[in-house]
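# Per-entry structural report
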Amino acid sequence: MKQPALGIVAALVVMAISLGFIAMFSFGAFTGWVAFFIQCMIPMQIVIGITWAGNHPGFAQRGQPVKGILLILLSVLVGAVFCAILFTTVGGSVSPPAPMPIMFTIVFVLTTFWLAIMWGNWPFSALFKNPIASGLAMLVGCFLIAWAIFHFGFDYGFMQGAPVYVPALDPHGMFNAWNITVWYVTAIGVMFLMLHFDLWPLTLSPTVMKQPVLGIVWTLICAAVGSAVYWFFVTILGMDVVAFLVTVPISFIFGTIIVLNMLQGSLFPSFKQPTKGMMSATMAVAVGIILDRVYVALSHWTTGTIHPGPPSYDLEIWTASALLGVTFPFLIFSAEFFKLWPFKKAE
């Protein structure tokens, strides 16, 4: 098969596998231990797929499917290490994991996206010439930055009185934990938006396209535009912050993964920027909205009746975990680790 049929078929199969995987667990198990562990694994997956482009480590450079399997095992191994660290520190060894360590994994993932994509692994790539060393150094750096963001920025006071609230685990930071999480996801959503445009118009300036200038400029744009989007939907329109999280930035990021990673940006090859970017981003919005609705409809089949809205936001948490906590890493396994094998002939 060729693109875009190749990516469509592969995405449908991976989503079916993901939903089957989710159906193996109860709501509590899925949104607790399962989501927590997989989200601990995603940062290493980002290092392998983006920073190393699947070309490292050397022991995994085999033919498919061996290469894909080895890269998955490496992601699982490193994810298990971070899972143990977070469970015993941020999580206070409370089982099942409380909201605090689970939200920490989200910050960890977002920060790894930030440094791997916007900063292109700088300054670690300049400090360490060995790509494996620079990638692992970036991973540790992302963990430490996420630790600082979490401990200084997150406050769970709004959860007081709820069964899931563990006072000893609340860092009592500056912002409502939901608000800062949603803002951060929205800012990273703007980063994905700019990928549709191949970084146009930043590409018009060779000076801007060099690190660390690119990282600074790109970060400022994402923070500013993300803040404006958050302000418009949550403050002006009065949209519930968690409902906004799932229906706007998460669905767009998920749609972007389908359009850019699974379909490999093949939908509008004859168009130039910025027209190509506008068409690609619009397609990602449509795909994300449709798949969000499909997943919500299928939640009854996989997990049973789940209620939306405050105070627990069960359906919203399930949808976010299903889309970005499980299906997203499974899609990246397919697109970046297996290079769409077996749907595409192994390279």
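Residues numbered from 1 in each chain as written. Predicted model: local features only at pLDDT ≥ 70, side-chain atom pairs only at ≥ 80, totals over all residues. Heavy atoms only, no water.

The next point concerns the overall build of the protein chain. Broken down by element type, the protein chain carries eleven helices and two strands. Rg of the C-alpha trace for the protein chain: 19 Å, near the compact-globule value of 20 Å for 347 residues, within the 12% margin. Each of the three principal axes of the protein chain carries a C-alpha extent, and together these read 55 × 45 × 45 Å. Per-residue burial over the protein chain gives 51% buried out of 347 residues. A separation threshold of at least 6 residues defines the contact pool for the protein chain, and within that pool the share at least 24 residues apart is 73%. Total accessible area on the protein chain stands at roughly 14,900 Å², and carbon and sulfur atoms take up 74% of it. On the protein chain, the mean spot of the 11 positive side-chain charges and the mean spot of the 9 negative ones are 24 Å from each other. (Helix = DSSP H or I, 4+ residues; strand = E, 2+ residues; numbered from the N terminus. Rg over C-alpha atoms; globule rule 2.2 N^0.38 Å. Buried < 20%, exposed > 50% of the residue type's maximum accessible area, 1.4 Å probe, protein only. Contact = heavy atoms within 4.5 Å. Areas by Shrake-Rupley, 256 points an atom, 1.4 Å probe, with all protein chains shown as cover. Lys, Arg positive; Asp, Glu negative; His and termini not counted. Charge placed at Lys NZ, Arg CZ, Asp CG, Glu CD.)

Bringing helix α4 (residues 99-118) into the picture now. Since the α-helix turns once every 3.6 residues, residues separated by three or four places project in the same direction. Spanning 20 residues, α4 covers 28 Å between terminal C-alpha atoms, matching the ideal 28 Å at 1.5 Å per step. Counting buried positions over the 20 residues of α4 gives 19, a clear majority of the element. Where α4 ends, the next residue or the one after it, Gly120, has phi of about 55°, a positive value. (Expected span 1.5 Å × (residues − 1).)

Turning to the pattern of salt bridges, a few remarks are in order. Inspection of every chain in the model, using the stated rule, returns two salt bridges. Ionic pairing is found between Arg293 and Asp292, a salt bridge with its closest N-O pair at 2.8 Å. A salt bridge links Lys339 to Glu336; the nearest nitrogen and oxygen atoms lie 3.5 Å apart. You can call Lys339 partly exposed: its relative accessible area is 27%. (Salt bridge = Lys/Arg side-chain N within 4 Å of Asp/Glu carboxyl O.)

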